[in-house]
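Remarks on the overall topology
Next come the chains, spelled out residue by residue.
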Amino acid sequence: MKRILKPARKIGGTIRLPGDKSIAHRAALFSILSRGPITIRNFPDSADCQRSLKAAETLGVRVEHGNNELLLTPPERLNVDAATLIDCGNSGTTARLLSGILAGSSVEVTLTGDESLSKRPMKRVIDPLESMGAEIFADNNCLPLRIRGRQLSSFEYRLPVASAQVKSALLLAGLASSCSVVIREDTITRDHTEIMLRQLGEGLTVRNIKAVAVTDPNDPRKRRMERPEPFKREITLDRKATVNGGLVDIPGDISTAVFFWGAAAISGRSLTTENVGLNPTRTAMLDHLKAIGCSVQIENRTVVSGEPRADITVTGGPLKPRKIYGDTTVGLIDEIPMAAVMAAFASGTTIIRDASELRVKESDRLVAISENLNKMGIKCGLLEDGLAIEGGKELNGTDFDSFGDHRIAMAFSIAGLFLYGPSSIDDDEVVAVSCPNFYELLDQIRV
Ligand code: S3P
């Protein structure tokens, strides 16, 4: 439905976000391979995570609902008929992680998805899974995927794309098939799979490759930092690795918090988000906010289920532009839509590079961002791998297009708060993919 977005006079208050989507997917999907029950606290009712939960249920996991808790009891053994279809909806994480589990299992299942997911690249998981011996049938390397589970073989892989989904799919394939897997990462991606496996099971080791000081052979007075290996992290799953079960307590989703922090940043006011996940692979936005002129206060730090969390207060200020590239872009991969909206309110030109992955998200996010920024009167250059955004003043309300993408809808709904005159966003229900109560939270922060 089309939603009218009215400008906000002031922003503020304290809110709590739904549970982290990435952690929730993993908790639900781990139950398929677990030896014992898994209790999950704060599982979000976002559409994507419900897809993973439903997939687990289809494969025989018993799901019992308690007070903000789910109890997932795995089946004795996976046993479904070969005509089984699992609809992954809009969820790339469900499709890719489940591909790994199914490839190494004893069942045959077909994965389908909605129009957007059916266009997203699956070759990045199909190729390495096939190298492990998987049997996967697909047209054009896209969904639907028919996966006939079988015994896989041990595998070593240096990730060609920085993707936590690919890494996780391969680790889950190894777990499902009891074969060892070694993954090497040139860029460190979110590590929730590794943390959860260590919390709920055993058989995983992580080696960080630190740079060391070496003497220049041509000039012994000079020393430089060098990494003894070309990659930054090596993750090894033992063939005897197991998931045994236990408790997963999910923190609030930092990737959803960023939209509300963005509102604080643009308005120049303070806003607090409680119990937000602060895994270091996900906190690039906090550094970004500081770099563009905001202040960030972190209180009540704790670690639960191996995942750090805290209450975060962001206070906006006059916003500065920034060059975003390399590992920073990877760290902000889901946050670029909001970073781009903040750039529209900064004084100067923000450049975003190394972001071609954004072209294969729920929409082509580079196109979606540039078209919507142009609509509100911002000059935005579309680059092959990024954007050049010239910040502006006196921006006018407009009719935004969500491109069917939850993060585009949320970022431009925030933009609508700060434009002259009302704006609108089409297809507002798409926010349910990660934050069904987004517009209620938006009402709460208008003070
Ligand atoms: C995710 C990994 C990232 C991210 C996505 C969630 C995950 O995707 O963009 O929203 O939970 O592993 P890629 O693995 O494609 O980078």
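**Quick look at the pattern of salt bridges**
Within this structure, the stated rule accounts for 38 salt bridges. The salt bridge involving Arg41 is made with Asp249; its shortest N-O contact spans 3.9 Å. Note that Arg41 is positioned in strand β3 (residues 38-41) and Asp249 in strand β16 (residues 246-249), a separation of 208 residues in sequence. A relative accessible area of 15% places Asp249 in the buried class. The salt bridge involving Glu362 is made with Arg365; its shortest N-O contact spans 2.9 Å. On the accessibility criterion, Arg365 (0% relative accessible area) is buried.

**What about the site of the ligand?**
Around the ligand sit 13 residues, and of these Ser22, Arg26, Ser163, Asp334 and Lys361 come closest. With respect to the ligand, the side chain of Arg26 contributes an N or O atom lying 2.6 Å from an oxygen atom. At a separation of 2.7 Å, an oxygen atom of the ligand approaches a polar side-chain atom of Asp334. In the complex, the protein chains occlude 94% of the 390 Å² of accessible area that the ligand would expose alone. In this structure the site holding the ligand corresponds to the largest pocket. Of all the secondary-structure elements, those providing two or more residues to the shell around the ligand are α1 (21-33), α3 (92-103) and α5 (164-177). A breakdown of the residues in the shell around the ligand according to their chemical character gives three nonpolar, four polar and six charged.

**Some words on the domain arrangement of the protein chain**
For the protein chain, the domain assignment lists domain 1 (3-18 + 251-444) and domain 2 (21-249). If you look at the interface, domain 1 gives 27 residues, while domain 2 gives 28 residues. Buried area between domain 1 and domain 2, both sides added, is near 2200 Å², and the carbon and sulfur share of it is 48%. Across the contact surface, domain 1 and domain 2 share five salt bridges. The residue Lys232 makes a salt bridge to Asp327 at a minimum N-O spacing of 2.7 Å. In this assembly, domain 1 and domain 2 are joined by 13 residue pairs in polar contact (both at pLDDT 80 or more). Broken down by secondary-structure element, the contributors of at least two residues to the side of domain 1 that touches domain 2 are β19 (307-315), α9 (326-331) and α12 (406-416). For the side of domain 1 that touches domain 2, a count of residues per class yields 10 nonpolar, seven polar and 10 charged.

**Structural notes on the sheet that holds strand β15 (residues 233-243)**
Taken in spatial order, the four strands make up an open sheet running β10-β11-β15-β12, and their pairing is mixed. What marks the edges here is a single partner per strand, and that holds for β10 (155-158) and β12 (201-208). Strand-to-strand twist of the sheet, defined as the mean angle between neighbouring strand axes without regard to direction, takes the value 15 degrees. Where strand β11 (residues 181-185) lies against β15, five bridges are found, and the strand directions are antiparallel. Residue pairing across strands places Arg184 opposite Glu234, the latter belonging to β15. Against the sheet, α5 contacts β10, β11, β12 and β15, and its axis sits at roughly 30 degrees relative to β15. Where helix α6 (residues 192-200) meets the sheet, it contacts β12 and β15, and its direction lies at approximately 140 degrees from that of β12.

**Here we look at the side chain of Arg96**
If you trace the backbone, Arg96 turns up in helix α3. Despite being buried, Arg96 has no salt bridge partner; Glu357 is the closest side chain of opposite charge, sitting 6.4 Å away. Looking at Arg96, its side chain comes within polar contact range of the main-chain oxygen of Pro121, at 2.7 Å.

**A word on unusual backbone geometry**
Omega for the bond connecting Leu143 with Pro144 falls within 30 degrees of zero, at 0 degrees, which places this linkage in the cis form. For Pro144, the location among the structural elements is in strand β9 (residues 142-148). Although it is not a glycine, Asn275 sits at a positive phi angle of roughly 55 degrees. Looking at the secondary structure, you find Asn275 in strand β17 (residues 270-277). Positive phi is not limited to glycine here, since Asn300 has a value of about 55 degrees. Structurally, Asn300 can be placed in strand β18 (residues 295-304).

**As for the packing of α3 against helix α4 (residues 123-131)**
Packing of α3 against α4 leaves a shortest axis separation of 10 Å and a crossing angle of 20 degrees. What the angle tells us is that α3 and α4 run roughly parallel. For the pair α3 and α4, the crossing hand works out as right-handed. Residues Arg96, Ser99, Gly100 and Ala103 of α3 lie in contact with α4, whose contacting residues are Arg124, Val125 and Leu129. When grouped by side-chain class, the residues that make up the contact of α3 with α4 number three nonpolar, two polar and two charged.

**With respect to the sheet that holds strand β23 (residues 386-390)**
Pairing in this open sheet of four strands is mixed, and the strands run β20-β21-β23-β22 from one edge to the other. Sheet topology places β20 (323-324) and β22 (379-383) at the edges, where each strand pairs with a single neighbour. In the sheet, β22 pairs with β23 via five bridges, with the strands oriented antiparallel. Bridge pairing in β23 places Lys379 opposite Glu390. Contacts between helix α11 (residues 365-375) and the sheet are confined to β22 and β23, with β22 contributing the most and set at about 160 degrees to the helix.

What counts, and where the lines are drawn
- Counting of residues starts from 1 at the beginning of each chain's written sequence and follows it residue by residue.
- Totals for whole chains, interfaces and linings use every residue, but because this is a predicted model, local features are given only for residues with pLDDT of at least 70 and side-chain atom pairs only at 80 or more, for both listing and counting.
- Calculation of side-chain values draws on the structure's entire complement of heavy atoms; hydrogens and water are dropped beforehand.
- Whenever Lys or Arg places a side-chain nitrogen within 4 Å of a carboxyl oxygen from Asp or Glu, that contact is recorded as a salt bridge.
- By definition, any uninterrupted DSSP run of H or I lasting at least four residues is a helix, any uninterrupted run of E lasting at least two residues is a strand, and each is numbered from the N terminus.
- Here the term buried applies to any residue with accessible area under 20% of the maximum for its type, exposed to any over 50%, and partly exposed to those in between, with areas from a 1.4 Å probe on protein chains only.
- We call a residue near a molecule or strand when any one of its heavy atoms sits within 4 Å of it.
- Between N or O atoms, a polar contact is any pair within 3.5 Å; within protein, one atom must be a potential hydrogen donor and the other a potential acceptor, and residues adjacent in sequence are included only when both atoms are from side chains.
- Accessible areas in this description were obtained via Shrake-Rupley with a 1.4 Å probe; residue shielding takes into account the shown protein chains only.
- For each structure, a 1 Å grid was placed over the protein atoms alone; sets of points admitting a 1.4 Å probe that cannot get out are labelled cavities, open sets with protein on both sides within 12 Å along at least five of seven lines are labelled pockets, and lining residues have an atom within 4 Å of a point.
- Each molecule is checked against the cavity or pocket grid, and it sits inside if more than half of its atoms lie within 2 Å of the grid points.
- Ten residues, namely Ala, Val, Leu, Ile, Met, Phe, Trp, Tyr, Cys and Pro, are considered nonpolar, four, namely Asp, Glu, Lys and Arg, are considered charged, and the remaining ones, Gly among them, are considered polar.
- For the domains described, the bounds stem from an automatic or database domain assignment.
- Note on definitions: a residue-residue contact is assigned when non-hydrogen atoms from the two residues lie within 4.5 Å.
- The term buried area denotes the loss of accessible surface (1.4 Å probe radius) that occurs when two parts are joined, taken as the sum for both partners.
- Two strands pair if DSSP finds at least two bridges between them.
- Whenever a helix is involved, its axis is fitted only over the stretch in contact; in every case the axis is a line through C-alpha atoms, and angles between N-to-C directions fall within 0 to 180 degrees.
- Charge convention: Lys and Arg are scored as positive, Asp and Glu as negative, and His as well as the terminal groups of each chain are ignored.
- Small angles under 35 degrees read as roughly parallel and large ones over 145 as roughly antiparallel, with 65 to 115 read as roughly perpendicular and the rest as oblique.
- Take the far helix as the reference: if the near one is turned anticlockwise from it by less than a right angle, the crossing is left-handed, and if turned clockwise, right-handed.

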